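# Geometric and topological summary
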Amino acid sequence: MNKPLSQRIVFWTLVIISILTLSAPTFVVLGASFTSGNMIQFPPEGFSFKWYGKILGEPDLRDAFFRSLQVALICVLVSLPTGTLAGIALAKYKIKGSNLIQTYLLLPFTIPLIGSGIGLMLFFGEMRILGNLWPVGIATSVINLPFMIWAVRSSAIGLDPDLELAAENCGAGPIQTFFNVTLPAVTPGVITGSLLMFILSLNEFLVSLLLVDARIVTLPVQIYNSIRSIITPDLAAISVVFIAVAIIAITVLDKLVGLEIFMKSK
Amino acid sequence: MRNSTSSYPFIWRVMDLLENGFSMIWPKGAGKYTPYLMLAPAILLVGTLAVGLFYIGDSSLRTLDRSTFQFSEDWSLENYQRAFSESFTWTIIWRSLLGSIIVTVITVSLAFPYAYVMVRTNNSYLRKFLLIALFLPFFIGQVVRAYGWLIILGNQGIVNDALSLVGVDPIRLLFNYPAVLFGLVQYMLPFGVLMLAPALTAIPDEIEAAAGNLGASWLNTMRYVVLPMARPGLIGAGIVVLTLSLTDFAMPAILGGGSQDFIANAIYDQFFRTSDQGFGAALAMILVALGSMMVGLIFMIFGAGTLALSSEEQ
């Protein structure tokens, strides 16, 4: 970047403020989880893994984590086929009323989360399925679905329609063409989308809070309930699970499609 | 010589079975409806939200009888009248609106240089670092991030511990309006940058160089060249940040400590503390309307065709 010095100073000052604000909570949670004291304090009181050992013995936190994992898996199972089909359809075909359909499919983003959550709570309550984990999975899939559609759609746009015609010329039916030509071509998008869905569902707080009861709290809700009473380092240790999952997801995403994909215009 | 199809590989037979099955329920003539068939699951899934909205609308028209704790059979607008006549509603609407506007201005001002440096730098390691610094908090979730701020800013938090080392009395940094706004800015920053970056990528660096060659200072280049060209991205970022912070629940709940409720918190309280589902539903409808109105207002002032909605457009 060959910009004037004054511009670089101004921009870099703001960027450094942003980096510090973005990273501070992550590092503080990481640091707090390794404390050997019983309180979170500064300067930290020695180094130990004792709080990690402690969370292994806390069934509440452990169960909540596995519930969150289950919710995230259900979310991916539901949104992967749904979003992939929709993304391909939107990229490949000229659809009558496509503007209306797109506006409709963006409802999960335009309706405030609290509205979506309460609406689903009333709906699922009426269907008498509240109190299970799978409706939570479906709900997180609904509210994040545009991410999945967007990811698949942007990689399906690059697909040359001639490839599919060639497959059909060689005698492949629509199903075979779909599985052997179309789907492999959009795989990067499917992977990006599924990863986003998994992470967002694992972290989903508000909709979980509305749809779970005391028996099936997910991890973000469990953490929320606990920080309102007292802040102990075991919460920091369990939060590190989220940080670890995030690091894995970013690494996978970067290796498979490259993070730079998010900087390109579609 | 093969004399029957049974000697074909298993996967071929599965494929044939699928093809035949599919052509039976979906004959060639239906081909032009194929995209609709592919969209159907997504439309159904999002349909649950539409049904949910209907239930909220229905609840919002039923009033709670405080003697029997039953909801009325007939519809009335009483909940809405009550919402608009109580000063409590106006307080939280004002607090949320003002907060989301301040958060949007700060977030976009921070997101713009961040996205700009990320896009313009020639150093690929720096770019990667900036992307990771952005995605890490984005992927960690709101509750854990808010928890981090509790550790930093709390009364026994890091900042106050550090201050006490130099003999300064603890300052109350949490559970006030600025703390909530600060948390929201931190939460929204990745959204802002990710909405802005593609718009900045689309502006060739040569245009800036040309402006510079013609004698424009960098401030003028920004003001008259880059910002106008990045407008779709700025509007997109603005809309996303504005609507998400207007309707946020976690930051006001955790960093505001109950004293700085936004609309979402008030709705939650009506459902789970006061158990007045009708009034809560009316507040939810007002929030949906308020959010749509703000987006509409931005469209009217700055024009549509923004990144936010065109992200799904062909």
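Quick notes on the rules
Residues numbered from 1 in each chain as written. Chains lettered and ligands numbered in written order. Predicted model: local features only at pLDDT ≥ 70, side-chain atom pairs only at ≥ 80, totals over all residues. Heavy atoms only, no water. Helix = DSSP H or I, 4+ residues; strand = E, 2+ residues; numbered from the N terminus. Buried < 20%, exposed > 50% of the residue type's maximum accessible area, 1.4 Å probe, protein only. Areas by Shrake-Rupley, 256 points an atom, 1.4 Å probe, with all protein chains shown as cover. Contact = heavy atoms within 4.5 Å. Buried area = accessible area lost by both parts, 1.4 Å probe. Salt bridge = Lys/Arg side-chain N within 4 Å of Asp/Glu carboxyl O. Polar contact = N/O pair within 3.5 Å; in protein donor to acceptor, adjacent residues only side chain to side chain. Nonpolar A, V, L, I, M, F, W, Y, C, P; charged D, E, K, R; others polar. Phe/Tyr/Trp six-rings, centres within 6.5 Å; stacked < 30°, edge-to-face > 60°. Lys NZ or Arg CZ within 6 Å of the ring centre and 35° of its normal. Patch = residues over 30% accessible without salt bridge, like charges linked within 9 Å, V, L, I, M, F, W, Y side chains within 5 Å. Axes fitted to C-alpha atoms, helices over the stretch in contact; angles between N-to-C directions. Parallel < 35°, antiparallel > 145°, perpendicular 65-115°, else oblique. Left-handed = near helix turned anticlockwise from the far one by under 90°. Expected span 1.5 Å × (residues − 1). Bend = angle between axes of the 7 residues up to and from the residue. pLDDT = per-residue confidence, 0-100. Core = buried A, V, L, I, M, F, W, Y, C linked by side-chain atoms within 4.5 Å. Domains from an automatic or database assignment.

## Description of the overall build of chain A
Looking only at helices and strands, chain A features 12 helices and zero strands. Mapped in sequence order, the helices and strands of chain A form the string α-α-α-α-α-α-α-α-α-α-α-α. Along the first, second and third principal axes, the C-alpha set of chain A runs to 70 × 65 × 35 Å. Expressed as a percentage of its 266 residues, the buried residues of chain A come to 56%. For chain A, the accessible area works out to roughly 11,500 Å², and carbon and sulfur atoms hold 67% of it.

## Describing the interface of chain B and chain A
In this complex, chain B contributes 97 residues to the contact, which on the side of chain A involves 102 residues. The junction of chain B with chain A conceals about 9,200 Å² of combined surface from both sides, 78% of it contributed by carbon and sulfur atoms. Here chain B is connected to chain A by four salt bridges. The interface formed by chain B and chain A includes 15 residue pairs in polar contact (both at pLDDT 80 or more). Ranked by residue count, the leading element in the side of chain B that touches chain A is helix H2 (residues 34–60) of chain B, at 19 residues. Among the residues forming the side of chain B that touches chain A, the class breakdown is 69 nonpolar, 16 polar and 12 charged.

## Here's the deal with the packing of aromatic side chains
With the rule as written, the count across this model stands at 30 aromatic pairs over all chains. Each ring, one from Tyr224 of chain A and one from Phe249 of chain B, has its centre 6.5 Å from the other, and the planes form 55 degrees; the classification is tilted. One end of the pair, Tyr224 of chain A, is in helix H11 (residues 219–227); the other, Phe249 of chain B, is in the loop between helix H11 (231–246) and helix H12 (250–255), on a second chain. Take Tyr224 of chain A: its relative accessible area is 4%, and that puts it in the buried class. Ring pairs connect the aromatic residues Trp150 and Phe262 of chain A together with Phe135, Phe138, Phe139, Tyr187 and Phe191 of chain B, which therefore count as one cluster. One cation-aromatic arrangement involves Arg82 of chain B over Phe279 of chain B; the distance from NZ or CZ to the ring centre is 3.8 Å.

## Things to note about a nonpolar patch on the surface
Taken together, the side chains of Trp94, Leu98, Ile102 and Ile106 of chain B present a nonpolar region at the surface, about 350 Å² in accessible area. Structurally, the position occupied by Ile106 of chain B is in helix H4 (residues 87–120).

## Digging into the packing of H11 of chain A against helix H6 (residues 142–153) of chain B
Close contact between H11 of chain A and H6 of chain B brings their axes to 10 Å; oriented N to C, the two are set at 25 degrees. One finds that H11 of chain A runs roughly parallel with respect to H6 of chain B. Between H11 of chain A and H6 of chain B lies a crossing whose hand is left-handed. For the pair H11 of chain A and H6 of chain B, contact is made by Pro220, Ile223, Tyr224 and Ile227 of chain A and by Val143, Val144, Tyr147 and Leu150 of chain B, respectively.

## Side note on helix H9 (residues 174–203) of chain A
Here H9 of chain A is 30 residues long, yet its end C-alpha atoms lie only 38 Å apart, well below the 44 Å a rise of 1.5 Å per residue gives. Bending of H9 of chain A peaks at approximately 55 degrees at the position of Thr187 of chain A, with proline Pro188 of chain A no more than four residues after it.

## Focus: unusual backbone geometry
At Arg128 of chain A, a position not held by glycine, the phi torsion is positive, near 55 degrees. Residue position: Arg128 of chain A is located in the loop between helix H6 (113–126) and helix H7 (134–156). Residue Phe175 of chain B is not a glycine yet carries a positive backbone phi of 60 degrees. The topology assignment puts Phe175 of chain B in the loop between helix H7 (158–165) and helix H8 (177–201). Phe175 of chain B gets classed as partly exposed once you look at its relative accessible area, which sits at 33%.

## Notes on the packing of H9 of chain A against helix H12 (residues 233–256) of chain A
Residue and element names in this part refer to chain A. With their axes 10 Å apart at the nearest point, H9 and H12 run at an angle of 170 degrees to one another. By the angle between their axes, H9 is roughly antiparallel relative to H12. Between H9 and H12, the contacting residues are Ile191, Thr192, Leu195, Phe198, Ile199, Leu202 and Asn203 on the first element and Phe242, Val245, Ala246, Ala249, Val252, Leu253 and Leu256 on the second. Class assignment of the residues belonging to the contact of H9 with H12 gives a composition of 12 nonpolar, two polar and no charged.

## Digging into the pattern of salt bridges
Within the structure shown, the criterion is met by 12 salt bridges over all chains. With its nearest N and O atoms 3.3 Å apart, the salt bridge here joins Glu208 of chain B to Lys3 of chain A. Of this pair, Glu208 of chain B sits in helix H9 (residues 205–213) while Lys3 of chain A sits in the segment before helix H1 (5–33), placing the two residues on different chains. For the pair Glu208 of chain B and Lys3 of chain A, a shared accessibility class is recorded, and that class is buried.

## Re the confidence of the model for chain B
Residue and element names in this part refer to chain B. Residues at a pLDDT of 70 or more form 94% of chain B, whose mean pLDDT is 87. Model confidence for chain B, summarised as mean pLDDT per element, is weakest for helix H15 (residues 307–310) at 38 and strongest for H4 at 95. Here residues 305–314 is a poorly scored stretch, pLDDT under 50, and it has 32 contacts once near neighbours within four places are set aside; other chains count.

## Description of the environment of Gly148 of chain B
Looking at the element boundaries, Gly148 of chain B is found in helix H6. A relative accessible area of 0% places Gly148 of chain B in the buried class. Between the C-alpha atoms of Gly148 of chain B and Pro190 of chain B, which are 42 residues apart in sequence, the distance is 17 Å. The contacts of Gly148 of chain B, once residues within four sequence positions are left out, are Pro25, Val28 and Val29 of chain A.

## What to know about the nonpolar core
Counting 182 residues, the largest nonpolar core has Tyr114 and Phe139 of chain B as the members making the most contacts within it. The element contributing the most residues to this core is H8 of chain B, with 16 residues. Both domain 1 (5–60) and domain 2 (77–310) of chain B contribute no fewer than three residues apiece to this core. Non-local contacts of Phe139 of chain B, meaning those with residues more than four positions away in its chain, are made with Leu196, Ile199, Asn203, Ala246, Ala249, Ile250 and Leu253 of chain A.

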